[in-house]
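Commentary on secondary and tertiary structure
The primary structure of each chain is shown beneath.
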Amino acid sequence: MNNTIIRAENIVKTYTSGPEVLQVLRGLELSVRPGEFLAITGISGSGKSTLLHLLGLLDEWDSGSIYFDEQDVSALSAGRRDRLRNQQIGFVFQFYHLLPELTVLENTMLPAMVGNSSFSWLGCRVKMRRQALEVLTQLGLAERAKHRPSQLSGGEQQRTAIARALINKPRLLLADEPTGNLDVDTGGQILDLLETLNSQHNQTIIMVSHDPDIANRAHRRLHLDKGRIHSNS
Amino acid sequence: MLHHFELFLACRYLKKKRLAFFSIAAVALSVAMLIVVSSVTGGFVKQYRLACHGSYGDIIISADSLMGFPYYDELVAQARELDGVQEATAVIKLPGLLRIDQPGRFKLFVKGVQILGIEPESYSKTTEFKAGLWKQSKVDGPPSLALPDKLPDNPYLTEGIKPKGACVVGVEVVCNRSSDGSYQRKKDLYGSPVIISVMALKRTGLIDVDTTVRYPFLLIDDFEGSVPLITEPTVYIPFELAQKMSRMVEYSDDPEHFEPARASQIQILAPDADLQELKKRLRGIWEKIARDNNYVGEAMVFETWDEQEGISILINQLEHERSLMTVLFGIMGVVSIFLIFCIFFVIVTEKIPDIGIIKSVGGSSAGVGRIFFVYAGAVGVVGSLLGLAMGWPFVVHINAIHDWVGRTFGWKIYDPRVLLFPDIPNEVDWSATMIIMIAAVVGSLIGSMIPAVRAALMKPIQALRYE
């Protein structure tokens, strides 16, 4: 129980649209150990992305608890949740979600900028820039550092999003259909990259996908159905 | 505490979002317009103040009666001894008629005027009288109202019309003003005789109906004051002659009844003195003189130059008009604030996905709101600076621009015949400009407030899913 990086207990999440009430998560239980590469599968609308957003503290849940490092995050203030998200959690989205006005390098450095005041940024600017370039080099994007997202291919944009997610060296990487918008070859390269991050850097990854073949690349697979987790392997 | 990403993104949006240029243009135009309006109207107020001040000393002591007041010479002498007083001069003021009759040259001309009896030397030290004289301003030394040693060769200077002294007329009395604000002088008039008539007052204050005082004078010069419309048409004659014509000379009809000479006014130059304090001291001196001479006479009025009734009303009116104009044009600035609100609402809507991304990497709600505040502040600062860059040269070159518009399109907006000054004021009012620029930045922030709060309150997941 103590050896988890993130744990969800009896999570309930409901969406209301007018008179309609849709309970997406119904007492969901989940625990993830450090260094795990976990895939969560499920059909469209099963609540995979909702779960990922809750684990990443991007959304509120109705009841239940989420523990990060065994600390109940529902007890944290909004500011501390923001800091936790900034320092400990990295996101990779299906549609990349890069800022179009920024270059690849600037998009990569964005979480580092968010985490520093104007004064502290003056002191760490050079270091963070070097760190961002190192990550981009590892991901094969060094030559593209000054390009804007509109000048990149889908695979390059997703690698930029991964670089951004890794810049603050988060303990948990959340990937929401990371290959969903890519062709098979490029998607395979992204999955290779995630596997490498997990195996070589012991990066904890939770990935959601509707595709069982993609989910098979993870070490552990869980299936989300009717608002609850079912073990696949 | 600002985070780096707030400044960074605000600056980046400012550079990349063309929509923001419309906000900047709106702020710039409003700022430029207000700088021009405020500087020009403020310039008029300043010019009026300077012009009015130049026509008087700093303090004016007058009797609240056409009869004038005695012991003026003692008061002038003691005033001159006071710290801070540079000069003091006595003046006689009385209503009169100016008549010019030169058949064949000028048709009969009679005009009601204010006669000012002055001591030219001390009066020109106390006021800007010399600077306004057409001829004598160009001559070294104090101005004079003495007759020349040899009278000019003028057919109208006959035996019957021997001038008692020289006079200077206010330029507006005898000259017409052309459309460019300059006066068209009738040069033959200078060196000609004029007749000045006044109604003599008895010591009882009644008009002496049996006597009309009528003196011929030699017209030697004219005086172009800065504010002719607020002063009555004036003719300047020597103090002693004015005193004689108005019967304010010393008077004794029997050895036991003696009345000293009188004056209407004393003007005092004390540019560096505390005028309110000086007024009190002068009043004290006057009260002592009156007490020592057992004089119980007219109420005396001690005023600073801008406390005089006509001037204070005019300057107050001008300042109110200036405020009104600035407020009216400021209302147009409010339109800019609304424009900024609309533009920022569109920008924030367009940037909703960015807001989601920023929050997903740990950006706080306050931080997201501050991006748009800083952005709006930057729009305000850049707009204000651009407005300054447009408004400043416009004000400085406003007369050249006005002339060019007049020549090219035939539009002549400024008429110096109406507004008294030959040129439109062209000095930037920097204190008003600073206030306008700060108000523009604050206005920009107000305009962006609702969109920024909307951005800040947006839930990250809503923003990420926004299409």
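Up top you'll find the structure we're talking about.
Note that the coordinates shown come from a computational prediction; the quantities given were computed from them, not determined experimentally. (Residues numbered from 1 in each chain as written. Chains lettered and ligands numbered in written order. Predicted model: local features only at pLDDT ≥ 70, side-chain atom pairs only at ≥ 80, totals over all residues. Heavy atoms only, no water.)

Another point: the packing of helix α9 (residues 352-360) of chain B against helix α13 (residues 430-457) of chain B. Residues and elements named next belong to chain B. One can describe the packing of α9 onto α13 by two numbers: an axis separation of 10 Å at closest approach and a directional angle of 50°. The angle between α9 and α13 falls in the class oblique. Between α9 and α13 lies a crossing of right-handed hand. Of the residues in α13, those in contact with Ile352, Ile355 and Lys359 of α9 are Arg454, Ala455, Ala456 and Leu457. Per-class residue counts for the contact of α9 with α13 are five nonpolar, no polar and two charged. (Axes fitted to C-alpha atoms, helices over the stretch in contact; angles between N-to-C directions. Helix = DSSP H or I, 4+ residues; strand = E, 2+ residues; numbered from the N terminus. Parallel < 35°, antiparallel > 145°, perpendicular 65-115°, else oblique. Left-handed = near helix turned anticlockwise from the far one by under 90°. Contact = heavy atoms within 4.5 Å. Nonpolar A, V, L, I, M, F, W, Y, C, P; charged D, E, K, R; others polar.)

For the rest of this paragraph, the subject is the environment of A:Ile205. Residue and element names in this part refer to chain A. Mapping Ile205 onto the fold places it in strand β8 (residues 204-209). Look at Ile205 and you get buried, because its relative accessible area is 0%. With 117 residues separating them along the chain, Ile205 and Gln88 place their C-alpha atoms 12 Å apart. Excluding anything up to four places from it in sequence, Ile205 contacts Glu36, Phe37, Leu38, Leu173, Leu194 and Asn198. (Buried < 20%, exposed > 50% of the residue type's maximum accessible area, 1.4 Å probe, protein only.)

Turning our attention to the sheet that holds strand β2 (residues 20-32) of chain A. All names here are of chain A. If you trace the four strands from one edge of the open sheet to the other, you get β2-β1-β4-β5, paired in antiparallel fashion. The sheet is open, and its two edges are formed by β2 and β5 (71-72), each paired on a single side. Taken together, the ten bridges between strand β1 (residues 6-17) and β2 define a ladder with antiparallel strand orientation. Each bridged residue has a counterpart across the sheet, and for Ile11 the counterpart in β2 is Leu28. Strands β1, β2 and β4 (63-68) of the sheet are contacted by helix α1 (residues 48-55), whose axis makes an angle of about 60° with β2. (Pairing = 2+ DSSP bridges.)

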